[in-house]
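The residues making up each chain are set out below.
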Amino acid sequence: MTTARVDNPYEGAQVYVNPDWSGRASQGGGSAIADEPTFVWMDRTAAINGTEGARGLRAHLDTALDQGADLFQVVIYNLPGRDCSALASNGELPADAIDRYQTEYIDPIAEILGDPAYANLRIVTVVEIDSLPNLITNVAPRETQTENCNTMKANGNYQKGVGYALGALGALPNVYNYIDIGHHGWLGWDDNFEPFADLVMNETVTNNGASPEDVHGFVSNVANYGVLHEEHFDANTVIGGRPVREASDWVDWNRYVDEVSYAKAYGELFSQRFGRRISMLIDTSRNGWGGADRPSGPSSSTDPNTFVEESRIDGRIHTGNWCNQSGAGIGERPTASPEEGIDAFVWVKPPGESDGSSEEIPNDEGKGFDRMCDPTYEGNPRNGNNMSGALADAPLSGHWFQAQFSELVQNAYPPL
């Protein structure tokens, strides 16, 4: 008998702990967090049946039952032309392979998740990270455009693919679908924020078999580093007679300086658009920014740029930097209902798994080399032409990166 859908699937749930990740974390010096629940990534078709060192989807679900878990978390991540602005996470399917995506990838996943053996598990899916946000910011006529993103905007396969996944998985009564909304340093500006909501509502949630009922919520900061709260200022803090939103190069006219304010704003907007309460999640796996460099209070400077630079907790060079960021730390542990408007803090990106290789590495996983993962890279328009801030000697995306994991543990906030 299937358990009826609940408003917040995380409330009161025992969430699955992935033994594949847990073992690596424990052996890598992270025994204090090795029992935390992380998402399982279906990042290529082969992952469904399992790859070297990682069990397949059905084996994960069976292990969840053995654990006595009642909530299982999985990332759906294999769109045609995937991640059109980031070569490190390019996928196996070419831009026009929407049929293969549906029949070779989504359909087998839906069949496994629909097995009656798993009917009493709440299954949370994060559907196709980075895809829809790219169609807002990285297409013509913007300076940040890429040829691949222009192709995906023209063929519509991101909307079709997300729509198909929502419909196929949302038909299962124990599945809770969450759509990725990027992060505050991606869509927080006025010319991005509402247009993204329009893209979701007008082109995606009724596309290719989907309906609005197939969407339970949205998730921010997936595999990223934006802090939950900038504790010492917000976008409207006045320094030197002007709000830092106008006067600071870091904030740069963004209405949001952290993930909680951003996620809550989207929660309110989408709740209005859908006509019902929309659930919001935030990935806190690597946004702790602890250690000696964490500011203990606001700057005393009256210069807006100096004030923000000395006050901000987010230690990145630029909010557009996303690959293996130097100085990052483990963030808040996974928690249900951490504050009003947020249903859970979750670890979508398992700490210790690389964002991408720091140099080109031949592979059969469809993963390219992105200069944003190269610590010597001086940037592009998508990160304000700043240094990448990436760690050196990184392996392919999704592979274990011990040096990064050790740094994440050392810089954890709250401390471990």
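Residues numbered from 1 in each chain as written. Predicted model: local features only at pLDDT ≥ 70, side-chain atom pairs only at ≥ 80, totals over all residues. Heavy atoms only, no water.

Caption draft 1: Highlighting the pairing of strand S5 (residues 122–127). The element S5 is largely enclosed, with a buried count of six among its six residues. Burial of the side chains of S5 extends over both faces: Arg 122, Val 124 and Val 126 are buried on one face and Ile 123, Thr 125 and Val 127 on the other. Across six bridges, the pairing between strand S4 (residues 71–76) and S5 is parallel. Residue Gln 73 lies in a different strand from S5, and its bridge partner there is Val 124. (Buried < 20%, exposed > 50% of the residue type's maximum accessible area, 1.4 Å probe, protein only. Helix = DSSP H or I, 4+ residues; strand = E, 2+ residues; numbered from the N terminus. Pairing = 2+ DSSP bridges.)

Caption draft 2: Examining the sheet that holds S4 more closely. With respect to topology, eight strands assemble into an open sheet ordered S1-S4-S5-S6-S7-S10-S12-S11, the strand pairing being mixed. Each of the sheet's edge strands pairs with one partner strand only, and the pair in question is strand S1 (40–42) and strand S11 (335–339). Neighbour-to-neighbour, the strand axes of the sheet open up by a mean angle of 30°, direction not taken into account. In this structure, S5 lies alongside strand S6 (residues 175–180), joined through five bridges in parallel fashion. Note that in S6 the partner of Val 126 across the bridge is Tyr 178. (Axes fitted to C-alpha atoms, helices over the stretch in contact; angles between N-to-C directions.)

Caption draft 3: View of the state of the cysteines. The tally for this structure, following the rule as stated, stands at two disulfides. Each sulfur in the disulfide pair Cys 84 and Cys 149 lies 2.0 Å from the other. Between Cys 84 and Cys 149, the disulfide has an S-S torsion of 90° and is therefore right-handed. In this pair, Cys 84 sits in the loop between S4 and helix H3 (98–113) while Cys 149 sits in helix H5 (residues 147–155), placing the two residues 65 residues apart along the sequence. Judged by relative accessible area, Cys 149 falls into the buried class, the value being 0%. A sulfur-sulfur separation of 2.1 Å characterises the disulfide bridge that pairs Cys 323 with Cys 373. Disulfide Cys 323-Cys 373: the torsion about the S-S bond is 100°, which places it as right-handed. Of this pair, Cys 323 sits in the loop between helix H11 (304–311) and S11 while Cys 373 sits in the loop between strand S12 (342–346) and helix H12 (402–410); the two residues are 50 residues apart in sequence, bridging distant segments of the chain. Classification of Cys 323 as buried rests on a relative accessible area of 0%. Taking the relative accessible area as the measure of exposure, Cys 373 reaches 0% and is therefore buried. Going through the protein in sequence order and numbering each bonded cysteine, the pairs you get are 1-2, 3-4. (Disulfide = S-S within 2.5 Å.)

Caption draft 4: Representation of the packing of aromatic side chains. Counted under the stated rule, the structure contains 16 aromatic pairs. Aromatic side chains Tyr 16 and Phe 72 sit 5.3 Å apart centroid to centroid with 35° between the ring planes, which places their arrangement in the tilted category. Residue Tyr 16 is found in the segment before helix H1 (19–27), and its partner Phe 72 is found in strand S4; the two are separated by 56 residues along the sequence. By the burial criterion, Tyr 16 is buried, and Phe 72 matches it. Here the aromatic residues Phe 193, Phe 196, Phe 218, Tyr 256, Tyr 262, Tyr 266, Phe 270 and Phe 274 are joined through ring pairs into a cluster of three or more. (Phe/Tyr/Trp six-rings, centres within 6.5 Å; stacked < 30°, edge-to-face > 60°.)

Caption draft 5: Summary view of the environment of Phe 72. On the basis of relative accessible area, Phe 72 is assigned to the buried category, the value being 0%. Remark: the alpha-carbon pair of Phe 72 and Gln 14, spanning 58 residues in sequence, is separated by 8.9 Å. Filtering out sequence-adjacent residues up to four positions away, Phe 72 remains in contact with Tyr 16, Val 40, Leu 57, His 60, Leu 61, Ala 64, Arg 122, Ile 123 and Val 124. (Contact = heavy atoms within 4.5 Å.)

Caption draft 6: Empty space enclosed by the protein, seen in detail. Summed over all chains, the structure comprises two cavities of 30 Å³ or more. If you add up the space inside the largest cavity, you get close to 60 Å³. As for the largest cavity, its lining consists of His 184, Gly 185, Trp 189, Trp 250, Val 251, Asn 254, Tyr 256, Val 257 and Thr 319. Of the residues contributing to the lining of the largest cavity, the split by class is five nonpolar, four polar and no charged. (1 Å grid on protein atoms, 1.4 Å probe; cavity = no way out; pocket = protein on both sides within 12 Å on 5 of 7 lines; lining within 4 Å. Points joined across faces, edges and corners; volume = space filled by probe spheres on them. Nonpolar A, V, L, I, M, F, W, Y, C, P; charged D, E, K, R; others polar.)

Function cannot be read off these values alone, since they describe shape.
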